[in-house]
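# Commentary on secondary and tertiary structure
Each chain, letter by letter, is given below.
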Amino acid sequence: QVATFRARLASRGGVRLAPPLTGNVRGLMPHQELGVRRGTGWPLCGRFLLADDPGMGKTAQALAFTLCYPGRALVLCPASLKAQWLQEIDKFVRPPLQKEYDVHTYDELKNVPDGGWAVAVGDEAHMLKNSESVRFQRAAPVLQKVRRVVLLTATPHLNRCIELWPLMHVLRPRLVPSYERFAKRYCNARLDRRTGRLDVRGFSRRHAGELRWLLANAFVV
């Protein structure tokens, strides 16, 4: 899949930004507008990881991103940030702008019916880094069903390489489909005969460049 994606990117001349933001989406700093244009352009096409440092305005970028597409929006966040998100939406998305938002915590997903969302934001997305967690198993199918998704995190460098797989799989399950294949290629995973499970604590230097290229071109803004 990586080789196919690389070939497609080369054949189309590389990354293409979306047109400059107009209409409902205004007032962003240059770096914020560039992030939204990159994320909504090709090849990311509205599914990307926004990994700016704290204080760079990821919330404003995410809300601007939601305004690029019609339809209802979902915001997932930790419980401690739910009130803040509601305040930011009220401040950023003012009348006459028409946009409906559903703001839920990750843990509320078990009680949330499908809202037919057209676009979604996953804040503090590193909270999904454990693919065996209940949080990931609830959030992943919801976010994969939504056509346009931005994941936000100021923690792009996680403790272990394998912790990238859940975020990448949520955004591009066809490009990064297999946990086991990812673990063996990028984490130098080996079968632990004692436990019968893969030991995924390692990192493959041989394929490190490929993983960095993949993140930079198919996932991260």
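Please read these numbers as outputs of a predicted model, since none were measured by experiment.

The next subject is the environment of Asn-130. Structurally, Asn-130 can be placed in the loop between β4 (119–122) and α5 (134–145). Its relative accessible area of 41% is what places Asn-130 among the partly exposed residues. Put simply, Asn-130 and Trp-165 are 35 residues apart on the chain and 8.9 Å apart in space, counted from C-alpha to C-alpha. The residues contacting Asn-130, other than those within four sequence positions of it, are Phe-136 and Pro-166. A polar side-chain atom of Asn-130 sits 3.0 Å from the main-chain amide nitrogen of Glu-132.

Three or more residues of helix α1 (residues 2–11) are buried, namely Val-2, Phe-5 and Leu-9. Taken around the axis of α1, the buried residues stretch over an arc of 65 degrees, which confines them to a single face. The exposed set on the far side of α1, more than 90 degrees from its buried face, consists of Ala-3, Thr-4, Ala-10 and Ser-11. Each element contacted by the buried residues of α1 is listed here: α7 (179–186) and α8 (208–218). Gly-13 occupies a position one or two residues after α1 and carries a positive phi of about 80 degrees.

Our next topic: the state of the cysteines. Enumeration according to the criterion identifies 0 disulfides in this entry. The thiol sulfur of Cys-45 is not disulfide-bonded, and the nearest other cysteine sulfur, from Cys-68, lies at 13 Å. A relative accessible area of 29% places Cys-45 in the partly exposed class. With no disulfide of its own, Cys-161 lies closest to Cys-187 among cysteine sulfurs, the gap being 3.7 Å.

What follows is about the nonpolar core. If you look at the biggest cluster of nonpolar residues, it comprises 42 residues, and the most contacted ones within it are Leu-143, Leu-151, Met-168, Phe-182, Leu-211, Leu-214 and Phe-219. Breaking this core down by element, the ones donating at least two residues are α1, β2 (73–77), α5, β5 (148–152), α6 (164–171), α7 and α8. Counting 29 residues, the second largest nonpolar core, distinct from the first, contains Val-25, Tyr-69, Cys-77 and Leu-81.

Here we take up the environment of Asp-52. Tracing the chain through its elements places Asp-52 in the loop between β1 (47–50) and α3 (58–66). On the basis of relative accessibility, which here comes to 17%, the residue Asp-52 falls in the buried class. Taking C-alpha positions, Asp-52 is 9.7 Å from Gln-32, a pair spaced 20 residues apart along the chain. In contact with Asp-52, other than residues within four places in its own chain, are His-31, Lys-58, Gln-61, Thr-153, Ala-154 and Val-221.

The rules behind these values
Residues numbered from 1 in each chain as written. Predicted model: local features only at pLDDT ≥ 70, side-chain atom pairs only at ≥ 80, totals over all residues. Heavy atoms only, no water. Helix = DSSP H or I, 4+ residues; strand = E, 2+ residues; numbered from the N terminus. Buried < 20%, exposed > 50% of the residue type's maximum accessible area, 1.4 Å probe, protein only. Contact = heavy atoms within 4.5 Å. Polar contact = N/O pair within 3.5 Å; in protein donor to acceptor, adjacent residues only side chain to side chain. Arc of directions from axis to C-beta. Disulfide = S-S within 2.5 Å. Core = buried A, V, L, I, M, F, W, Y, C linked by side-chain atoms within 4.5 Å.

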